[in-house]
Amino acid sequence: MEARPFPSRALVLGAGTMGHGIAQVLAAAGAEVELVDTDAAALERALGRIRSSLERLAAKGRIEAAEAEAALGRIRPRRSLEEATPQAELAIEAVPEDPALKKELLRRLEEVLPPESVLATNTSSLSIDALAEALDRPERFLGLHFFNPVPVMALLEVVTGRATDPALVPWARELAARLGKEPVVVRDAPGFASSRLGVALALEAMRMLEEGVASAEDIDRAMELGYRHPMGPLRLTDLVGLDVRLGIARYLESTLGERFRPPAILVRRVEEGRLGRKTGEGFYRWEEEPAAPAREGSQGA
Ligand code: CAA
């Protein structure tokens, strides 16, 4: 594969928490981005969040106000893949962690995009090799795993499958640099490097809460003050979404075994719709703004 330049046109599928952040950083780095979601309300919300994030960065002097405006202008919402121009050099899917859905979209991307375009998934744990089964040309497919909030977090986890062209690794490193991120390169293994370690810590914190070892706030404070984590594992689970972490835990249990079995407290809260910050309650209660929890999380059930 020839050396590839930074993509001037990109497609991002899924306008949720991750998709809108990925669209933002690509546009801020100069790409024309089409952000695709079948849900019109999600697209509208995404554009609002991108605008306020860019304004926040401009207010801090991290980006010129005119550049923030230009970046926003480079993002075009699309209701379907058919509405998008089929010329993107890079497409990243950031739809929910459903393997069948992801495979279907990757297959459709392969149909509409030029054969040399790079296809990527933002999956936080699903196997790149398993997703690649949907593709005729899996050599141009890899994992580009971003972190929430995307405009702030410095990491880009680059995940290579068995079939991924090795030439995509230096390209992905360069892409990371252009997006202001530091890459780590990980081979396809359940949970990669980040989710496997992050979820292990979170599940243990939940078991400690269940056992009454300490309150949610004190468990988090132990990691925040004792280990300098910016956010303790329970508060972070609220930020990421309890449903998202439950999905990853179930997948890791099925691939790595028992030690990733989701604690009952997590399963129950998801069943109750207490999904974290996005629903206003998870291990903590959340107010709309500011980003801090409104009060200490309840202990135990
Ligand atoms: N856009 C732009 N700027 C933002 C922002 C956004 N969406 N969110 C936060 N910021 C900026 C703030 O303006 C602030 O800037 P300054 O330092 O210049 O003041 C800075 O980021 C810090 O924000 P806050 O002061 O509001 O709050 P904070 O210091 O508590 O930081 C945080 C917030 C960045 C989220 C921090 O708590 C943190 O790093 N938490 C851990 C996040 C984390 O671990 N994410 C990974 C989740 S796992 C994942 O995403 C992958 C997966 O597969 C599920």
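To be clear, the structure that these remarks concern was listed above.
Our subject in this report is the structure included herewith. Because the structure is predicted, anything quoted here is derived from the model rather than measured.

**Notes on unusual backbone geometry**
Okay, step 1: Here Asn148 and Pro149 are connected by a cis peptide whose omega angle stands at 0°.
Okay, step 2: With respect to the secondary-structure elements, Pro149 resides in the loop between β6 (141–145) and β7 (155–160).
Okay, step 3: Backbone geometry places Phe192, a non-glycine residue, at a positive phi of 50°.
Okay, step 4: Look at Phe192 and you get buried, because its relative accessible area is 5%.
Okay, step 5: Residue Arg228 is not a glycine yet carries a positive backbone phi of 60°.

**Considerations on the sheet that holds strand β4 (residues 90–93)**
Okay, step 1: Read from one edge of the open sheet, eight strands run β3-β2-β1-β4-β5-β6-β7-β8, paired in mixed fashion. Each end of this open sheet is capped by a strand with a single partner; those strands are β3 (75–78) and β8 (182–187). Along the sheet, successive strands turn relative to each other by an average axial angle of 25°, direction set aside.
Okay, step 2: The sheet contact formed by strand β5 (residues 118–121) and β6 spans three bridges and is parallel. Within β6, the residue paired with Leu119 across the bridge is Phe141.
Okay, step 3: On top of the sheet, helix α6 (residues 168–178) reaches β4, β5, β6, β7 and β8; it is set at about 30° to β6, its chief contact.

About the cut-offs
Residues numbered from 1 in each chain as written. Predicted model: local features only at pLDDT ≥ 70, side-chain atom pairs only at ≥ 80, totals over all residues. Heavy atoms only, no water. Helix = DSSP H or I, 4+ residues; strand = E, 2+ residues; numbered from the N terminus. Buried < 20%, exposed > 50% of the residue type's maximum accessible area, 1.4 Å probe, protein only. Pairing = 2+ DSSP bridges. Axes fitted to C-alpha atoms, helices over the stretch in contact; angles between N-to-C directions. Contact = heavy atoms within 4.5 Å.

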